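# Remarks on the overall topology
For reference, the chains in residue letters:
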Amino acid sequence: MEKSRSSYEVLCTNSLPEVEQAIKDHEIATCTRFCSYKKEKLFGKETEIDISKLRCDIRFNDAQANTQPYIPGDGVPFIIIGKKLLQCHQGKDRNKKKKEKYKQLKDTQSKNDHAFVKRKRRIQGSKKKDCDAKIRLRHIIKFPDYKINVDASRHEKDITSSALKSAMKNNKKIVSEHHYYIMFPNHNEHSNHFMGEAANLIQPIDKDLSGYIEEMVMHHNITSPTVMQLLLEIYLTQTLFKDKNIPSKLNKRFWPSRRDIKNHIGRCMMKIRNTNIDQAVVEQLVAKWRKENPSDNFFLRTKKIEEATIGKFTLLHE
């Protein structure tokens, strides 16, 4: 992992796991959290990229000096695959109009006669504060076998570029390397919200912990928030941060409340409501009912994962 510093911190990594770890390290160090905002189609899809079908310009350095993050030239030709943009989780509310429309609908329904609309009491508004801080990423592929001098002439660059394009077009074996450039925001780019330890109080749960909760619910049938809280503490101290500094217990990203844990358990249980195991049980019950009531009509259509958007689970009894 290469690291360079200017007015912004820029890292260069060679794999997506390194990218994710670098972003996570930055979030922990700065008590911030970022979420995906925009991503181009081929960004990060290393196994799906067919070099022979790409129609990209061969570059030896960035065409514009103000491109973010800037890719310095080292004599190795490269092509740009795509970009990704992450925004602060307290950035601009992209669903503001949708939320306002939904609120107006609920207000209208509550004014109708015999309307008993269940409403949640919100103590505070949205956490979105129009923060402008962003993490910018670029994905490129380098071709080290076609390296030339950094100060090579334009003519030499054109010859090398033509040779590389011909090799790509004819599907020849080419040594290629994936690189990711990450540009982190400065501390002063964050605005309109708390920073430091106070910011950790409203952080959503870490995706590693939510994945662990899902595993415990689906594969080990653990649904008690109290038991899950103890397991998360063990997982945090002995796996995620083994031989590392453990985050403060004020950091809700790694120390979620029992209520947050309960909500995640509930979501996991909703996911497994229509699993194949449950459907197999229903199939056995229907077969039993048919034997017990041969004059009755039963219709059963199970829901398959690959057909989730087409066929829904249906059971009819006449």
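Let us look at the structure shown here.

## Details of the overall build of the protein
- Across its full length, the protein carries seven helices and eight strands.
- Buried residues in the protein amount to 33% of all 318 residues.
- Once local pairs closer than 6 in sequence are excluded, the contacts in the protein between residues at least 24 apart make up 73%.

## As for the pattern of salt bridges
- One pass over the full model with this rule turns up seven salt bridges.
- With its nearest N and O atoms 3.5 Å apart, the salt bridge here joins Arg-154 to Asp-158. One end of the pair is Arg-154 and the other is Asp-158, both in helix 3 (residues 154-169) and four residues apart, which spans about a single turn.
- On the basis of relative accessibility, which here comes to 37%, the residue Asp-158 falls in the partly exposed class.

## Structural notes on the nonpolar core
- Ranked by internal contacts, the top residues of the largest apolar core, which has 18 residues, are Ile-213, Met-228 and Leu-232.
- For this core, the secondary-structure elements that each account for two or more residues are helix 4 (207-220), helix 5 (225-240) and helix 6 (258-271).
- Ignoring anything within four residues of it in the chain, the contact list for Ile-213 reads Ile-205, Met-228, Leu-232, His-264, Ile-265 and Cys-268.

## Regarding helix 6
- For helix 6, built from 14 residues, the straight-helix expectation of 20 Å at 1.5 Å per residue is met to within 8% by its first-to-last C-alpha distance of 20 Å.
- Every buried residue of helix 6 is accounted for by Ile-261, His-264, Ile-265 and Cys-268. Each buried residue of helix 6 lies within a common arc of 100° when the element is viewed along its axis, so the set occupies one face. Facing away from the buried side of helix 6 by more than 90 degrees, the exposed set consists of Arg-259, Lys-262 and Arg-267.

## A closer look at the packing of helix 5 against helix 6
- Two elements in contact, helix 5 and helix 6, have axes whose closest approach is 9 Å; the angle formed by their N-to-C orientations is 105°. Viewed along their axes, helix 5 and helix 6 adopt a mutual orientation that is roughly perpendicular. Between helix 5, through Pro-225, Thr-226, Met-228, Gln-229 and Leu-232, and helix 6, the contact on the second element is made entirely by Arg-258, Ile-261, Lys-262 and Ile-265.
- Residue composition of the contact of helix 5 with helix 6, by class: five nonpolar, two polar and two charged.

## A word on a nonpolar patch on the surface
- Together, Val-281, Leu-285, Trp-289, Phe-313 and Leu-315 give the surface a local cluster of nonpolar side chains, amounting to about 380 Å² of exposed area.
- Looking at Trp-289, the relative accessible area reads 30%, which means it is partly exposed.

Parameters and conventions
- Residues numbered from 1 in each chain as written.
- Predicted model: local features only at pLDDT ≥ 70, side-chain atom pairs only at ≥ 80, totals over all residues.
- Heavy atoms only, no water.
- Helix = DSSP H or I, 4+ residues; strand = E, 2+ residues; numbered from the N terminus.
- Buried < 20%, exposed > 50% of the residue type's maximum accessible area, 1.4 Å probe, protein only.
- Contact = heavy atoms within 4.5 Å.
- Salt bridge = Lys/Arg side-chain N within 4 Å of Asp/Glu carboxyl O.
- Core = buried A, V, L, I, M, F, W, Y, C linked by side-chain atoms within 4.5 Å.
- Expected span 1.5 Å × (residues − 1).
- Arc of directions from axis to C-beta.
- Axes fitted to C-alpha atoms, helices over the stretch in contact; angles between N-to-C directions.
- Parallel < 35°, antiparallel > 145°, perpendicular 65-115°, else oblique.
- Nonpolar A, V, L, I, M, F, W, Y, C, P; charged D, E, K, R; others polar.
- Patch = residues over 30% accessible without salt bridge, like charges linked within 9 Å, V, L, I, M, F, W, Y side chains within 5 Å.
- Areas by Shrake-Rupley, 256 points an atom, 1.4 Å probe, with all protein chains shown as cover.

Purely geometric stuff here, so don't read any function into it on its own.
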